[in-house]
Amino acid sequence: ATATAVGVLGEDRIADLVFVGTTHTDVGDYTGDTWTFTDTTGNYNNASGLVDNNISPALSETVVTCLGGPAEYTGSPLTPCTVLVTGAGGFSLTPDPEYSNNVDLGTATASYAFVGDINHTGSSDSETFEIIDTTIPEIILNGDNPATLEIYNIYVDQGVSASDNHDGDLTPAVMVDSSNINKD
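Residues numbered from 1 in each chain as written. Predicted model: local features only at pLDDT ≥ 70, side-chain atom pairs only at ≥ 80, totals over all residues. Heavy atoms only, no water.

K.L.:
Account for the overall build of the protein chain, naming residues and giving values.
P.N.:
In terms of helices and strands, the protein chain carries zero helices and 13 strands. Reading the protein chain from its N terminus to its C terminus gives the helix and strand order β-β-β-β-β-β-β-β-β-β-β-β-β. Radius of gyration (C-alpha) of the protein chain: 37 Å, far over the 16 Å computed for a compact globule of 184 residues. Over its C-alpha atoms, taken along the principal directions, the protein chain stretches across nearly 130 × 30 × 20 Å. Evaluated residue by residue, the protein chain yields a buried proportion of 19% over its 184 residues. Counted over contacts in the protein chain with a minimum sequence separation of 6, partners at least 24 positions apart contribute 43%. On the protein chain, roughly 13000 Å² of surface is accessible, and the fraction owed to carbon and sulfur atoms is 53%. (Helix = DSSP H or I, 4+ residues; strand = E, 2+ residues; numbered from the N terminus. Rg over C-alpha atoms; globule rule 2.2 N^0.38 Å. Buried < 20%, exposed > 50% of the residue type's maximum accessible area, 1.4 Å probe, protein only. Contact = heavy atoms within 4.5 Å. Areas by Shrake-Rupley, 256 points an atom, 1.4 Å probe, with all protein chains shown as cover.)

See below:
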């Protein structure tokens, strides 16, 4: 506990003030701690009494950090973030964040809520990160490339297959433009 003892002329008299039983370190309410003031100068009356005191929980801080800019789509849950919870007395936790929307393209969220403990208040934080797809679709020509055709034969397009790491089979969406075939 801390206290002050000041004389009528503003002099510091703290050396004459003694607390007994006020070495509490845990959060809680404490009643009946004793104090004694013994004047060593003879200018003040000696006194004693009881004091009640309270230790409240210290603040905590939760910080979620997502590193490295956008995350590349993989089709699996992405977990690029960390959590650090700190507080008084060297308190430090590094729990795993909770994620939402962290599989598909778009904005994902990492969050953590520390509920608090006997000595620290609760706190929370969240961060968003983007999941992007930079992998281009793969297109495979069926048949020979280049195709060879003898004069006056009819060309039959062998088609293509197309796939994408995010959208899967794109083959039904492929459109062939045959309007610019050199027929000469």
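K.L.:
Explain the packing of aromatic side chains residue by residue, including any values.
P.N.:
Across all of its chains, the model carries two aromatic pairs by this definition. Here F91 and F114 contribute two aromatic rings whose centre-to-centre distance is 5.4 Å and whose plane-to-plane angle is 40 degrees, an arrangement assigned as tilted. In this pair, F91 is assigned in strand β7 (residues 91-93) and F114 in strand β9 (residues 106-114), connecting sequence segments 23 residues apart. Neither F91 nor F114 differs from the other in exposure class; each is buried. (Phe/Tyr/Trp six-rings, centres within 6.5 Å; stacked < 30°, edge-to-face > 60°.)

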